[in-house]
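So you can see what is in the structure, the chains are spelled out below.
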Amino acid sequence: MKTALVLEGGAKRGIYTAGVLDVMLEHGLLVDGVFGVSAGAIHGCSYASMQAGRSIRYNMKYGHDYRFMSFKSLFLSGNMVDTQFCYHDLPEKLDPYDNDAFVKSGIDFYAVCSNVETGKPEYIKCKDMFAEIDYIRASASMPLVSQIVEAGGKKLLDGGIADSIPLKAAENHGFDKNIVVLTRPQGYRKKKASLGWLIAWVYRKYPNFVKAFENRHKMYNDELDYIEKQEKAGKILVIRQVD
């Protein structure tokens, strides 16, 4: 049987996920696959390269740098998270990512992105983090505060819009026993977003993406219902943030 980690996003709430993954690494708990969404994809990278402590370390060191995440970065670069700083300078020089360890790990790593043109999720298997860093960037590129990422002939944004918690995707890819890490407490349910009108205007050329955004709360809540059902049946392990 194959086991996967299913990592929800959540922007800065994702630091909870980083802590969970560090504890797993410290205890030698490795899985066969990772399905990472947005912040889950970013922190899942350090797990897949077996660099315990890396995510929390660079968040603490660079979290106050405007290039890390700020409206100043959005104004200057068009992205709230500066592309050059976060996806090149940081992993290549400032806090080097061990890409060799990732390649040798044998872990199947999937970055979950939303296809802007189809409104459907893309589960992109990454084999080289440096060469395919744009898929990680796309997975974490939030609408309205990020430019559309073009990679592999596709237009991509935040994976959480089309598939926030891809447990079913992991199961469909042949992973039988899975660990789901949630960044919301038990009992949480998402409400319909209030910015639907703005999304509809900004992404008016992409009606399928607009529809996916409008239906996101339903998709998310359905996924939570399914997760709780699988958890009660003893088919998955759920680790969730508490209030």
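Note that the structure is a prediction, hence the values are computed from the model and not measured. (Residues numbered from 1 in each chain as written. Predicted model: local features only at pLDDT ≥ 70, side-chain atom pairs only at ≥ 80, totals over all residues. Heavy atoms only, no water.)

**Some points on helix α1 (residues 15-26)**
Taking 1.5 Å per residue, 12 residues should reach 16 Å; α1 reaches 17 Å between its end C-alpha atoms and fits that length. Buried within α1 we find T17, A18, V20, L21, D22, M24 and L25. Buried residues along α1 sit against β1 (3-7), α2 (39-48), α3 (54-62), β7 (177-182) and β8 (236-240). (Helix = DSSP H or I, 4+ residues; strand = E, 2+ residues; numbered from the N terminus. Expected span 1.5 Å × (residues − 1). Buried < 20%, exposed > 50% of the residue type's maximum accessible area, 1.4 Å probe, protein only. Contact = heavy atoms within 4.5 Å.)

**Things to note about the nonpolar core**
L5, M24, V34, Y47, F109, M129 and I136 are the most contacted members of the largest nonpolar core, which totals 39 residues. Setting aside residues up to four positions removed in sequence, V34 forms contacts with L5, L7, Y47, I107, D108, F109 and Y110. (Core = buried A, V, L, I, M, F, W, Y, C linked by side-chain atoms within 4.5 Å.)

**What to know about the side chain of E122**
Among the structural elements, E122 can be located in strand β4 (residues 121-126). Separated by 2.9 Å, the side chains of E122 and N115 make a polar contact. Reaching out from E122, the side chain makes a polar contact with the side chain of K154 at a distance of 2.8 Å. Contact partners of E122, with chain neighbours within four places excluded, come to A111, V112, C113, N115, K154 and L156. (Polar contact = N/O pair within 3.5 Å; in protein donor to acceptor, adjacent residues only side chain to side chain.)

**Things to note about a positive patch on the surface**
Judged by side-chain charge, K168, K177, K229 and K235 come together as a positively charged surface patch. Within the fold, K235 resides in the loop between α11 (216-232) and β8. Taking relative accessible area as the criterion, K235 reaches 45% and is therefore assigned partly exposed. (Patch = residues over 30% accessible without salt bridge, like charges linked within 9 Å, V, L, I, M, F, W, Y side chains within 5 Å. Areas by Shrake-Rupley, 256 points an atom, 1.4 Å probe, with all protein chains shown as cover. Salt bridge = Lys/Arg side-chain N within 4 Å of Asp/Glu carboxyl O. Lys, Arg positive; Asp, Glu negative; His and termini not counted. Charge placed at Lys NZ, Arg CZ, Asp CG, Glu CD.)

**Some thoughts on the packing of α1 against α3**
Viewed as axis vectors pointing N to C, α1 and α3 meet at an angle of 140°, and their least axial separation amounts to 8 Å. Comparing the axis directions of α1 and α3 gives the class oblique. Each of I15, A18, G19 and D22 in α1 lies in contact with α3, whose residues at this interface are S55, I56 and N59. For the contact of α1 with α3, the residue count by class is three nonpolar, three polar and one charged. (Axes fitted to C-alpha atoms, helices over the stretch in contact; angles between N-to-C directions. Parallel < 35°, antiparallel > 145°, perpendicular 65-115°, else oblique. Nonpolar A, V, L, I, M, F, W, Y, C, P; charged D, E, K, R; others polar.)

**Observations concerning the packing of aromatic side chains**
Summed over all chains, the structure comprises eight aromatic pairs. Taking 5.7 Å as the distance between ring centres and 85° as the angle between the ring planes, the aromatic pair formed by F35 and F175 counts as edge-to-face. You can see F35 sitting in strand β2 (residues 33-37) and its partner F175 sitting in the loop between α8 (167-172) and β7, a full 140 residues away along the chain. Between Y188 and Y220 the ring centres are 6.1 Å apart and the planes differ by 80°, which places this aromatic pair in the edge-to-face class. Of this pair, Y188 sits in the loop between β7 and α9 (196-202) while Y220 sits in helix α11, placing them 32 residues apart in sequence. Residue classification places Y220 among the buried positions, given a relative accessible area of 2%. (Phe/Tyr/Trp six-rings, centres within 6.5 Å; stacked < 30°, edge-to-face > 60°.)

Functional significance is not addressed by these values, which are geometric in nature.
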